[in-house]
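Notes for the structure review
Letter by letter, the chains look like this.
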Amino acid sequence: MTKPEKTRKTLTISRRPGPVADNPATEQKRQRTGARARQVAQLQREQGKRHTAQGLTDSRQRDIESSAEIIHSDPGPSHDSALHGGSNPDVADAPRIRRQTRAPRTRNTEVFRMFASCPQGLEEVLTIELQALGFDDAQAGRAGCHFHADWTGMQRANLYSRLATRILLQVAEGPARSEDDILELARSTPWERWFGPEQSLRVDTSAIRSPMQSLQYCNLRAKDGICDRLRDREGARPDIDTVRPDARVHLFLTEDSATLYLDTSGESLFKRGWRLDKGEAPIRENLAAGLLALSGWDPAAALLDPFCGSGTILIEAAWIALGVPAGIWRPFGFERLRNHDARHWRDLKDDARAHIRTQLESPLVGVDLDAQAIEAAKSNLERAWLTPDSIRFEVGDARNTAPPADSGWIVTNPPYGQRLDTDDTDMWRAWSQALKRDFTDWQVDIITSDLSLPQKLRLKPLRRHPLYNGALDCRLFSFEMVKAGYRS
Ligand SMILES: C[S@@+](CC[C@H](N)C(=O)[O-])C[C@H]1O[C@@H](n2cnc3c(N)ncnc32)[C@H](O)[C@@H]1O
């Protein structure tokens, strides 16, 4: 990524916002409850708000404007009317997740079975996100979501999903009772459609209740099947590259079946492209976006992370509020496959850029005891192309942090687990006193693996949502800070 310019200004919006189009929340026919209701409400608020404070760097603004120009001057045949609004100022201010009720029109209209993987606990909010992106048949599965999409839809899922870890395209499925079945399945799959000997390859295998003796051997059989097929058809085998492969294939085994997926994402989608400084125990970007979705944070309301570390939750929040597509500044695996239509992909990205807002409405504030963590957060902010004034990061103690607004959300990932010492009951008591004293009318959402945290805080959670942070079994505890009735 090019380095941002050193001098920046806060931007002001120059265009009158147009009417809100295609709001998915208003289209909901059923009464939503729980996480679904909060996520739908968040999408509704995200899409209904206009922003009037600080935001993207001016170099990014130029990037956005020049992208919009490309759309005006170059409306080629591969432009899809459902996706392009660059010539219409009203549409240019439309919501960042625009619901599509039909698949985008492309040259190739073949529809594929897809699986979007995600951290466990985010399945429901991921399903809602994919439905809001127009994948109406999205259905939650284990650690992910099933849906159907054409090639353009696959690209859009990669570009826009904030919650998915990978977008996998199913290429083959069959019974698998022995390793030879895997070899045969891989051999009979037309890999040459997507890659050939000129691409390097990596194969990964995962399984649930598979009777196979060795997953490593299954992995080898799948790889052999792919390489045999390409050698027979094209005269050479692809090289194996486990570090930076051009093509990635996932083999998934159950007790009696094997499924082969083409990994269209490449690097995991939580890698947005801005993180260099990791801080002490950073949360992954898609989990941070998931916490915001589960909390129901209103992007027009104040957000405070009093244990912000390297700033992940707040940077994700700024991108949500500005409508910056999660993958807009990173490469994807599908770009390295055969027959990649670079022009069509550029058009999709130009369209996405044209809908990015440049201003934030509400205060986003991050506090951390550790000055190095705050430095890391500021560097990450810069690399995420956000102006220094878009998020206020400061060294401080959560116990003495004043609320930046009369009401809002605290969404935070305080110290817990093995990596950080949490044996500090005085700390939790003091923070809890500060919350009760100063944060009336705030909602507080805390992810922790310490299931006794509510007792330590002497607060009764409104909700507890199970989810995983890596291998750590966690809960997202939600508390509503009202004046009375919260002491357990
Ligand atoms: C789990 S880390 C947060 C990581 C963060 N979510 C990220 O993605 O980088 C917890 C942070 O809490 C900070 N911390 C610990 N005690 C604190 C306190 N009393 N006030 C403010 N920050 C504190 C630590 O310095 C650490 O950076």
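None of the values given here were measured: they were computed from a predicted structure. (Residues numbered from 1 in each chain as written. Predicted model: local features only at pLDDT ≥ 70, side-chain atom pairs only at ≥ 80, totals over all residues.)

**Some details on the overall build of the protein**
Of regular secondary structure, the protein possesses 13 helices and 14 strands. The buried share of the protein, reckoned over its 488 residues, is 48%. Here the analysis covers contacts within the protein between residues at least 6 apart in sequence; of these, 81% occur between residues at least 24 apart. (Helix = DSSP H or I, 4+ residues; strand = E, 2+ residues; numbered from the N terminus. Buried ≥ 20, exposed ≤ 12 C-beta atoms within 10 Å, placed from the backbone. Contact = placed C-beta atoms within 7 Å.)

**Some thoughts on the site of the ligand**
In the vicinity of the ligand, 24 residues are found, and the nearest of them are Pro282, Phe307, Gly309, Ser310 and Thr312. When contributions to the shell around the ligand are tallied by element, the ones reaching two or more residues are helix H9 (312–322) and strand S9 (364–368). Residue composition of the shell around the ligand, grouped by class: 14 nonpolar, 5 polar and 5 charged. (Near = placed C-beta within 6 Å. Nonpolar A, V, L, I, M, F, W, Y, C, P; charged D, E, K, R; others polar.)

**Digging into the confidence of the model for the protein**
Here the protein averages 82 in pLDDT, and 75% of its residues register 70 or above. This stretch, residues 47–54, has a pLDDT under 50; its non-local contacts, to residues over four places away or in other chains, come to 27 contacts. (pLDDT = per-residue confidence, 0-100.)

**Overview of the packing of helix H8 (residues 285–295) against H9**
Packed helix pairs are specified by the crossing angle of their axes together with the interaxial distance, meaning the distance between the axes. Following both chains from N to C, one finds H8 and H9 inclined at 70°, their axes separated by 9 Å at the closest point. In terms of orientation, H8 and H9 fall into the roughly perpendicular class. Crossing of H8 over H9 shows right-handed handedness. In contact with Glu285, Ala288, Ala289, Leu291 and Leu292 of H8, H9 contributes Thr312, Ile313, Glu316, Ala317 and Ile320. Across the contact of H8 with H9, the residue classes break down as 7 nonpolar, 1 polar and 2 charged. (Axes fitted to C-alpha atoms, helices over the stretch in contact; angles between N-to-C directions. Parallel < 35°, antiparallel > 145°, perpendicular 65-115°, else oblique. Left-handed = near helix turned anticlockwise from the far one by under 90°.)

**With respect to the nonpolar core**
Buried together is how nonpolar side chains tend to be arranged in soluble globular proteins. Core analysis: the biggest nonpolar cluster contains 117 residues, and Met114, Ala116, Ala157, Val249, Leu292, Ala317 and Ala318 have the highest contact counts within it. It is H9 that contributes the most residues to this core, 9 residues altogether. (Core = buried A, V, L, I, M, F, W, Y, C linked by C-beta atoms within 7 Å.)

**Focus: the pairing of strand S13 (residues 463–469)**
Bridge count between S13 and strand S14 (residues 472–480): 7 bridges; the pairing is antiparallel. Paired with Tyr468 across the strands is Asp473, a residue of S14. Count of turn residues in the S13/S14 antiparallel hairpin: 2 residues, of which Gly470 carries a positive phi of about 65°. (Pairing = 2+ DSSP bridges.)

**Focus on the sheet that holds strand S2 (residues 139–141)**
If you walk across this open sheet you meet the 7 strands as S2-S3-S1-S4-S7-S6-S5, and the pairing is mixed. What marks the edges here is a single partner per strand, and that holds for S2 and strand S5 (201–207). Recorded for the sheet is a direction-independent mean angle of 35° between the axes of neighbouring strands. Seen against the sheet, helix H4 (residues 123–132) touches strand S1 (112–117), S2 and strand S3 (144–149) and runs at an angle of roughly 20° to S3. Contacts between helix H6 (residues 179–187) and the sheet are confined to strand S4 (166–175), strand S6 (247–253) and strand S7 (257–263), with S7 contributing the most and set at about 40° to the helix.

**Some words on helix H11 (residues 371–383)**
The periodicity of an α-helix, 3.6 residues per turn, causes residues three or four places apart in sequence to face the same way. End to end, H11 covers 19 Å across 13 residues, agreeing with the expected 18 Å (1.5 Å per residue, within 8%). Among the residues of H11, Ala373, Ile374, Ala376, Ala377, Asn380 and Leu381 are the ones counted as buried. For H11, the arc enclosing every buried residue in end-on projection is 160°, short of the 170-degree limit, so these residues lie on one face. On the buried face of H11, the contacting elements are H9, S9 and strand S10 (392–395). After H11 finishes, the residue Trp385 shows a positive phi value of roughly 65°. (Expected span 1.5 Å × (residues − 1). Arc of directions from axis to C-beta.)

**As for the sheet that holds S10**
Strand order in the open sheet formed by 7 strands is S10-S9-S8-S11-S12-S14-S13, and the pairing between neighbours is mixed. Edge positions in the sheet fall to S10 and S13, since each of these pairs with one other strand and no more. In this sheet, adjacent strand axes meet at a mean angle of 20° when their direction is disregarded. When S9 meets S10, the two strands line up parallel, connected through 4 bridges. Bridge pairing in S10 places Val365 opposite Arg392.

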